[in-house]
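# Descriptive analysis of the structure
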Amino acid sequence: MQRTLAVFLTVIFILVFSSGVAAQEEARAAWQINRFDINANLQLPQRLLAATALLSATNVGRGLGSSFTFRINGKASIKTVTVGSSSANFRTVPESYGNLQRVTVTLPAGVAPDGSLALNISYSLPVESNTGLAAISPIGSQFLPMSFWYPAPSTPYTGKGADTAPVRVVVNGAGVISSGVEKSDQSGSVIYENALNGEPFFLQSDWEKVDGTGENKNISAFVTRGSPVEDRKRAEALIALAGSARAFYAGLLGAAPEAPIRLVSVRRGAGFDDSGTVLLESGAFHRAQLDSTTALLISEAIARLWIGGQTPVRAEGGAVLREGLVRFLATQFIEKQFGQSAAETERIHERLAYSAVVLREAPLSKVTALDPTYFSTVPNKGAMVWRLVERRLGHDAFINIVREVLVSGKGSGMTLAALRSVIAQRGGDAIRILLDQLLDQSTDLDLMIGLPQQRGSESVSALRNVGAIDVVTTVTATTASGQQISVDITVPGRGFAEAVFKTSARVIRVEIDPEKLYPQVDYANDSMPRTPELRDALAEATRLLGAQDFVKAESSARAILANTPQMQEAGIILARALLGQNRTDEAEKLFRSLLALSLPTPAAIAWANIGLGEISLKKGRAAEAASLFTAAVRADAEYASSLAARNGRIRAEMAANLLQVDPAIRNFIGQLDQAIASGKKVELEPRVGSGELVRFISGVVGTQPEVWRTKALRTEQWDADLFAADVSLETKELGKEQSGTALYILSRSNGNWKLVGIDLFEVR
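Let me sum up the structure you'll find in this document. (Residues numbered from 1 in each chain as written. Predicted model: local features only at pLDDT ≥ 70, side-chain atom pairs only at ≥ 80, totals over all residues. Heavy atoms only, no water.)

### Digging into the overall build of the protein chain
For clarity, the threshold we go by: Helix and strand assignments follow DSSP, with helices taken as H or I runs no shorter than four residues and strands as E runs no shorter than two, numbered in order from the N terminus. We compute the radius of gyration over the C-alpha atoms and compare it with the globule rule, which gives 2.2 Å times the number of residues raised to the power 0.38. When a residue's accessible area, from a 1.4 Å probe over protein chains only, is under 20% of the maximum for its type it is buried; when over 50% it is exposed; and in between it is partly exposed. Note on contacts: a residue pair is in contact if any heavy atoms of the two residues lie within 4.5 Å. Computed with a 1.4 Å probe, the accessible areas rest on the Shrake-Rupley method; for each residue, only the protein chains presented here act as cover. For the charge count, each Lys or Arg is scored as positive and each Asp or Glu as negative, with His and the chain ends excluded. All charge positions are set by atom: Lys at NZ, Arg at CZ, Asp at CG, Glu at CD.
Scanning the protein chain from N- to C-terminus turns up 20 helices and 34 strands. By the compact-globule yardstick of 27 Å for 764 residues, the protein chain fits well, its C-alpha radius of gyration being 29 Å. Taking the principal axes of the C-alpha coordinates as reference, the protein chain spans close to 95 × 85 × 65 Å. When each of the 764 residues of the protein chain is scored for burial, the buried share is 52%. For the protein chain, contacts bridging at least 24 residues in sequence account for 64% of all contacts bridging at least 6. Within the structure as shown, the protein chain displays about 33100 Å² of accessible surface, and the carbon and sulfur contribution to it stands at 51%. Taken together, the 78 basic and 78 acidic charged side chains of the protein chain have centroids lying 2 Å from each other.

### Some thoughts on the environment of Gly 648
Tracing the backbone through its elements, the reader meets Gly 648 in helix α17 (residues 639-655). Judged by its relative accessible area of 0%, Gly 648 falls in the buried class. As a C-alpha pair, Gly 648 and Lys 217 span 431 residues in sequence and 41 Å in three-dimensional space.

### Things to note about the pattern of salt bridges
Threshold: Salt bridge criterion: a side-chain nitrogen from Lys or Arg within 4 Å of a carboxyl oxygen from Asp or Glu.
Within the structure shown, the criterion is met by 50 salt bridges. Here Glu 361 ties to Lys 381 by a salt bridge, and the two come within 3.4 Å at their closest N and O atoms. Taken as a pair, Glu 361 in the loop between α6 (340-355) and α7 (374-393) and Lys 381 in helix α7 lie far apart in primary sequence, 20 residues in all. Among the salt bridges present, the one from Asp 522 reaches Arg 530, with a minimum N-O distance of 3.7 Å. Linked through salt bridges whose partners overlap, the residues forming this network are Arg 646, Arg 649, Glu 653, Arg 714, Glu 716 and Asp 726.

### Quick notes on the pairing of strand β8 (residues 116-126)
Our working rule: For two strands to be treated as a pair, DSSP must find no fewer than two bridges joining them.
When strand β2 (residues 48-59) meets β8, the two strands line up antiparallel, connected through 11 bridges. Across the sheet, Ala 50 pairs through a bridge with Ser 124, a residue of β8. For strand β4 (residues 77-83) and β8, the ladder comprises six bridges, and the chain directions are antiparallel. Counterpart to Thr 80 in the pairing with β8 is Ser 122.

### Things to note about unusual backbone geometry
Residues Met 528 and Pro 529 are joined by a peptide bond in cis, for which omega reads 0°. With respect to the helices, strands and loops of the structure, Pro 529 is situated in the loop between β30 (527-528) and α11 (534-546). The phi dihedral of Asp 636 falls on the positive side, at around 50°, and the residue is not glycine. Relative to the helices and strands, Asp 636 resides in the loop between α16 (622-635) and α17. Here Leu 760, not a glycine, exhibits a phi torsion of approximately 50°, which is positive. Among the secondary structure elements, Leu 760 is positioned in strand β34 (residues 752-763).

### Some points on the packing of α7 against helix α10 (residues 429-440)
Angle between the axes and distance between the axes are the two parameters that describe a pair of packed helices. The line we're drawing: Lines fitted to C-alpha atoms define the axes, with helix axes restricted to the stretch in contact, and inter-axis angles between N-to-C directions lie between 0 and 180 degrees. Each angle receives one of four descriptions, namely roughly parallel if under 35 degrees, roughly antiparallel if over 145, roughly perpendicular if within 65 to 115, and oblique otherwise. Three categories are distinguished: nonpolar for Ala, Val, Leu, Ile, Met, Phe, Trp, Tyr, Cys and Pro, charged for Asp, Glu, Lys and Arg, and polar for the others, with Gly belonging to the last.
Contact pair α7 / α10: the axes reach a minimum separation of 11 Å and the direction vectors enclose 175°. With respect to each other, α7 and α10 are oriented roughly antiparallel. Facing α7, whose interface residues are Lys 381, Val 385, Trp 386, Leu 388, Val 389, Arg 392 and Leu 393, α10 presents Ala 430, Ile 431, Leu 434, Leu 435, Leu 438 and Leu 439. Classifying every residue of the contact of α7 with α10 gives 11 nonpolar, no polar and two charged.

### Section: the nonpolar core
Counted only if it meets this: Think of a nonpolar core as a cluster: buried Ala, Val, Leu, Ile, Met, Phe, Trp, Tyr and Cys residues, connected wherever their side-chain atoms sit within 4.5 Å.
Judged by nonpolar contacts, the single largest core of 99 residues is most densely connected at Leu 325 and Trp 386. If you look at the next biggest cluster of nonpolar residues, it comprises 53 residues, including Phe 36, Ala 134, Val 190 and Trp 207.

### Some details on the environment of Met 448
Take Met 448: it is sitting in strand β23 (residues 447-449). The spatial distance from the C-alpha of Met 448 to the C-alpha of Asn 525 is 5.3 Å, given a sequence separation of 77 residues. If we skip the residues at most four places from it in the chain, Met 448 touches Ala 462, Leu 463, Arg 464, Val 466 and Asn 525.

### A few points about the sheet that holds strand β6 (residues 89-94)
Here three strands make up an open sheet; going across it, the order is β3-β7-β6 and the pairing antiparallel. Two strands in the sheet have a free side with no partner beyond their single neighbour: β3 (65-73) and β6. Taken pair by pair, the neighbouring strands of this sheet meet at an average axis angle of 25°, ignoring direction.

### Digging into the packing of aromatic side chains
Rule in force here: Note on ring pairs: Phe, Tyr and Trp rings are taken, using the six-membered ring of Trp, and paired if centres are within 6.5 Å. Classes follow the plane angle, with under 30 degrees stacked, over 60 edge-to-face and the rest tilted. Criterion for a charge above a ring: Lys NZ or Arg CZ within 6 Å of the ring centre, and within 35 degrees of the ring normal.
Enumeration according to the criterion identifies 18 aromatic pairs in this entry. On the numbers, 5.4 Å between centres and 80° between planes, the contact of Phe 36 with Tyr 150 is edge-to-face. With Phe 36 in strand β1 (residues 31-43) and Tyr 150 in the loop between β10 (141-143) and β11 (165-171), this pair connects stretches of sequence that are 114 residues apart. Arranged with centres 5.7 Å apart and planes meeting at 80°, the rings of Trp 149 and Tyr 150 form a pair that is edge-to-face. Chaining the aromatic ring pairs together yields one cluster made of Phe 36, Phe 143, Trp 149, Tyr 150 and Phe 202. Above the plane of the ring of Tyr 523 lies Arg 351, whose end atom (NZ or CZ) is 5.5 Å from the centre. The ring centre of Trp 607 lies 3.7 Å from the NZ or CZ of Arg 576, which sits over that ring.

Fair warning: the whole summary comes from geometry, so function is off the table for now.
Set out below in structure tokens:
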């Protein structure tokens, strides 16, 4: 009986194993896009994009390709598909994620491995509501890759990421921007030929172009027509920054690709870049000085000309290169251009963003854009990993490896696996094990340090490493006199060690891994006496400031700055807490020091100007205060500072008798109030921009407000056709009375006004 059972189990094992091997070795087709060729026709009255897409692809798999599957926006309507000159049958099913549809085309003839395919797809895509990803509007249309407006086999939601290839985009009309070389044809359409590996996209609006010269040749900035003169001056500074970044990376990675660089001011969609075209929030062109957010975005976009552009990034884990390696290199440029303190500020922000999600992360090499922690994890932890590898190998050795892999991958593509392989060959087993843990596993590392104990002429701290890998790092001790002593140490995985400081002086503070090279699950126990986790300490200081407990907020902010002097957010809280205590001289000094930083955050620029504006108001200098509040408004930072800046400017301009309201805007707002109060879609829609405020219109029609009274407090012109109005509101809906302020965004075309946005809505 036992023998029979053993034979039976053996047979089952062989069958299962054999079927597994067969499945692994099964020959399948796999498609790689070689070129996108898209003709897009915007139909504004119908709010429709009609397009044809020619996809050139190669079967890079090992099996015969009998079908071709692509993904596209779930609302797209596929009209026809042809392969060569033959019509092809296709079937469509909803994709299980991302509001996409999956279209499978049956090929008229099989495509052998290494064979090519040309697929022509005719389709249309309606756009009901304008967003930063897809918009059709007389004042600005755009289609970015994440709207899935074009067909492609792979998306960012897959392990290998979206398909990239050389791109040709043809768009009807004028004022079109994309990537690559701009051309035009006899029909009046605009053509962009991008020889780098990118994704199809385009924007359309009315632009003014600022061109770089000399070393900044082939770099341009685009601001909306009619923008203030100051915006053009800021554009020149941004062009110079892009030129410096291009020269920096050329020194590291080899000659720069011959690609135009475009810096584009946009109202929505900011943060996107592809093949040298970068979408920047309009505030980047308004601010009186360069800010850290804009500097990082431009630095990363230029680095992607090499990583992903000139050399495509392929295969699983590609995001660790496209996002993590790019951020590491961008921070290197920021350090060279703006100094160590500016770079350390960026690294602190990396650590803050990552620590917020570390307990929910997926392994770096496996995470996709479907994961909610993707954008906090991949760029930030990825940059930390490559910085750690660079320290282990040495800067020159690491950069040489990156350059080699970029050069060798120009044809077939750069992969994470290839880069890891070369690093392991040069660095040995220790660095291979390090990469295996950091890239293929979720973070389990937590470094701990104990209180220093005096042993004769030495001071000793116990160390613990609860992670799986050995940690090679530094431990720093600070004596009562302020002297710092550092020792190098290795703490084994799941083990203990001791840091021995050869000093008889009293040690008052010790810290392990002071540069914070290693990603950890908890940074709060890295030092003794223990300090709160930076993220928690900042949240508490912010809470205290919001509660107007200015004394405790000051104390919390000073504690943060004692250990992390580069923390601009803590500097803002400290200065505002001092102002709240009427210690205006101290507050003014701090506000001015924030503005004097080589690379302040947008929030630091905004709050510093708000604080100085409040101080000027206290001193009776209303016109000066109004100018400072305007600088804070133009900083266009986060919601709270924008609201405070606009409210402060109204108070200052009222005191200085400078407040102005355009009569035409006042009249339009009166008409808009009547349309809203009517609750009729037919009355309201003609006064709202096409595709804008769709949910707002539905809400008004659904509830029909009993009262909707708007008073224009201040108006300003942003560009040739765009205006803003600070307003106060009194409303009554479903018996509930509310009041407050808002910011209306208005457009004007041929004397006709339309509401195109409602920002800073504070009606309660």
